Amino acid sequence: MSRLEAKKPPLFISEPLTKDAVSQSLSLLSGIFKSCYGPGGRLKQLHNGVGGYVCTTSQSSAILGRLSVSHPALSVLTASVQNHISRFGDCGLFTAILCCSLLENFKSLNVASCTVIEISKHLLSLCMDYLKSEACGCRVSVDFSSLETLLSLVRSVLTSKPGCMLNKPEVDHLTTLILKAFMFTVPSHVETNAVLGKCIIVPVKGRRVVDSKVLPGLLIETPEIQLAKSFAVKRTCSNMIKIALFCVSMSGDLFSPEEGTITVHHGISLEMSELNQLLNVGKQLVNDEVGLVVCQKVIHPSLKQYLKENHVIAVDRAGLSLMEPLSRMTGSKPIASIHSLSPGCYGSLKDVCVESFASKHFVHLIPNDTVVCSLILCNRNEMAWDELKRACEAAEHVLQLTIKEPLALLGGGCTETHLASYIRHKSRSLSTSSFQDIDCSRTQYQLVADGFCRSLESVACSLNHDGGEILTDMVYGHCWFVPSGFPSVSNWSDLVSKCGCGINGNTENLNWRLLQGQFGSPVIQGSLKDPTAKVADFLTLDCFAAKCSGLQVALETANLILDLSYVIEDQN
């Protein structure tokens, strides 16, 4: 008889943020995120410690998916950032760094947590009201009739991922391709509830990045396809190609035992019965003038041969991921049974041809109206390709968000330092009634506001990985990076040419100050000039929706963790 152990009581940990182990873990987590941030971010290698796949990355989506966090309070932080990334696809590191900095700054204040939370909520509302106002000095409008801003958005996403290992010509090439692919997915006919199409990424590893290209329609890899530039494919009287899309196996497999018991009469062959049914389906497809059959699973060789003899192209093993874009692109309805075919389930295509790329061969399905496209994405090795795929997906997501809300925020740390300057300026002009509404003193409000601003500025400082000085100007509140190796008493105007986002040059007296020094001076609120009038180069821009969400998620998550009084752990 096994020995019975007495059930242990749960472990109560009060004020978890005050514990040294949590503070050390938070500091370590913050350091990991900061060291990955921006174009100069350092790569991280993540593996499970017992061998297997090693992930080399600087992207938050890959890091958080593989990083093990043991403390419940920090698990809340990582889960919140992951949820933000799943919804917006960008600004994950910004959110994580800001949340860690807010926790570190807020918990060092001699102010009750409940008061800190109320004040920080008010600060967040000031930020959001400002960012959404026409007077905002750190946002730009996105004009879809001009490509410059859209190209800047995509370029900013790609250059912030050093693991992609891209040089300037490669960034330029991919930026154009991603924007072209996105334009393919925008419906040409505007409807009340227009839905964007889809870009399918086709992997080609071991080739040059500049070999990447975009094609309208879908590519389905078919290793056994005959190398021909065109097919003798059956067309309808309107010169269209009718397509049938099957999401059920057409291999002629018998029923599995899990599907129940069947009774078979003597002398009846189940295999022949199933094959005859498949051939009957083939005859109906031929009679209905179908020119292309695509099956998610396997097609029986005899059915393939029959269709080929009747000039019908048969493509199998298309996979589940292509079913939805295929259905949308062609207008066909996936057929789930070989025992019933309806004429209304067919779709149509403009053309079908063969594409060969590297050692791969594809059937290229060309639609009548392009809402689906294929991006053949190349990179030198598997690690760099994985990073590039995530970057391209993030860039596409940014463009999708931008078409819904055509705004962008200035990147390169300028939005963070500008917002910090605005909050310092605003917090000094609040009325006494505002403090009464929040139920705090002016001193408490200033302490929390200063911690909030230092947290924003710490995000901007995280972009610098080479030890140079970081400045902010007193006119626009933008961020400026000084190359390393120059003393702090230098004439700054001789060392900097443009601010972090690239919108301002040093052509006027901007009265710089060290960002990592004293954090107390308000800035003069100036209005931004038109970006295209000031600089000819591309700006560094961030997605408006993603960064606004990241700001909210970071502060709300920090408040939630600050509000934790106990962590209760089951020890059994």
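Residues numbered from 1 in each chain as written. Predicted model: local features only at pLDDT ≥ 70, side-chain atom pairs only at ≥ 80, totals over all residues. Heavy atoms only, no water.

A. Region of the structure containing empty space enclosed by the protein. Here the structure, examined in full by the defined rule, presents two cavities of 30 Å³ or more. Taken as a whole, the largest cavity encloses approximately 70 Å³ of empty space. In terms of lining, the largest cavity is formed by Ile178, Ala181, Phe182, Cys199, Ile201, Leu375, Cys392 and Glu396. Of all the elements in the fold, those that place two or more residues in the lining of the largest cavity are helix 7 (168-185), strand 5 (198-205) and helix 11 (382-404). Considering every element that reaches the lining of the largest cavity, the biggest residue donor is helix 7, with three residues. (1 Å grid on protein atoms, 1.4 Å probe; cavity = no way out; pocket = protein on both sides within 12 Å on 5 of 7 lines; lining within 4 Å. Points joined across faces, edges and corners; volume = space filled by probe spheres on them. Helix = DSSP H or I, 4+ residues; strand = E, 2+ residues; numbered from the N terminus.)

B. Structural detail: the sheet that holds strand 15 (residues 407-410). Pairing in this open sheet of three strands is antiparallel, and the strands run 4-15-19 from one edge to the other. Among the strands making up the open sheet, the edge pair consists of strand 4 (139-141) and strand 19 (541-543). Going across the sheet, the axis of each strand differs from the next one's by a mean of 40°, ignoring polarity. The sheet contact formed by strand 15 and strand 19 spans three bridges and is antiparallel. Note that in strand 19 the partner of Leu409 across the bridge is Asp542. (Pairing = 2+ DSSP bridges. Axes fitted to C-alpha atoms, helices over the stretch in contact; angles between N-to-C directions.)

C. Inspection of a nonpolar patch on the surface at higher detail. Residues Phe12, Tyr566 and Ile568 make up a contiguous nonpolar surface patch of about 370 Å² in total accessible area. You can see Ile568 is positioned in strand 20 (residues 566-569). (Patch = residues over 30% accessible without salt bridge, like charges linked within 9 Å, V, L, I, M, F, W, Y side chains within 5 Å. Areas by Shrake-Rupley, 256 points an atom, 1.4 Å probe, with all protein chains shown as cover. Salt bridge = Lys/Arg side-chain N within 4 Å of Asp/Glu carboxyl O.)

D. Representation of the domain arrangement of the protein chain in the model. Domain boundaries assigned for the protein chain yield domain 1 (13-138 + 410-570), domain 2 (143-217 + 376-405) and domain 3 (219-256 + 267-369). Between domain 1 and domain 3, the C-alpha centre-to-centre distance is 53 Å. (Domains from an automatic or database assignment.)

E. The arrangement of the sheet that holds strand 9 (residues 290-295) in detail. The strand order across the open sheet built from four strands is 10-9-8-11, with neighbouring strands paired in mixed fashion. Bordering the open sheet on either side are strand 10 (313-315) and strand 11 (347-349), each of which pairs with just one other strand. Direction aside, neighbouring strands of the sheet carry axes that sit 30° apart on average. Helix 10 (residues 323-330) contacts strand 8 (241-246), strand 9 and strand 11 of the sheet and is inclined by roughly 150° relative to strand 8. (Contact = heavy atoms within 4.5 Å.)

F. How the structure looks around the packing of helix 12 (residues 414-427) against helix 14 (residues 442-461). Remark: helix 12 packs on helix 14, axes separated minimally by 8 Å, with the N-to-C direction vectors making an angle of 170°. Classed by the angle they form, the pair helix 12 and helix 14 counts as roughly antiparallel. When the axes of helix 12 and helix 14 are compared, the crossing they make is left-handed. Contacts between helix 12 and helix 14 involve Glu416, Thr417, Leu419, Ala420, Ile423, Arg424 and Ser427 from the former and Tyr445, Gln446, Ala449, Asp450, Phe452, Cys453, Arg454, Leu456, Glu457, Val459 and Ala460 from the latter. (Parallel < 35°, antiparallel > 145°, perpendicular 65-115°, else oblique. Left-handed = near helix turned anticlockwise from the far one by under 90°.)

G. Summary view of the pattern of salt bridges. Under the counting rule described, the total for this entry stands at 19 salt bridges. Residue Asp316 pairs with Lys304 through a salt bridge whose shortest N-O separation is 3.2 Å. Of this pair, Asp316 sits in the loop between strand 10 and helix 10 while Lys304 is found in helix 9 (residues 301-309), placing the two residues twelve residues apart along the sequence. Residue class for Lys304 comes out partly exposed when judged on its relative accessible area of 22%. (Buried < 20%, exposed > 50% of the residue type's maximum accessible area, 1.4 Å probe, protein only.)

H. Molecular detail of the pairing of strand 9. Counting buried residues along strand 9, six of its six residues qualify, which places the element largely inside the surrounding structure. In this sheet, strand 9 lies alongside strand 8 in parallel orientation, the contact comprising five bridges. Each bridged residue has a counterpart across the sheet, and for Ala244 the counterpart in strand 9 is Val293. In this sheet, strand 10 lies alongside strand 9 in parallel orientation, the contact comprising three bridges. When the sheet's bridge partners are listed, Val294 is paired in strand 10 with Val315. Once you follow strand 9 into helix 9 and on to strand 10, the crossover reads as right-handed. (Right-handed = clockwise from strand over helix to strand, strands pointing away.)

I. Seen up close, the environment of Gly38. With respect to the helices and strands, Gly38 occurs in the loop between helix 1 (20-36) and strand 2 (44-46). Distance in space between the C-alpha atoms of Gly38 and Gly412 is 8.2 Å, their sequence separation being 374 residues. The residues touching Gly38, leaving out its near neighbours within four places in the chain, are Ser160, Pro162 and Leu463.

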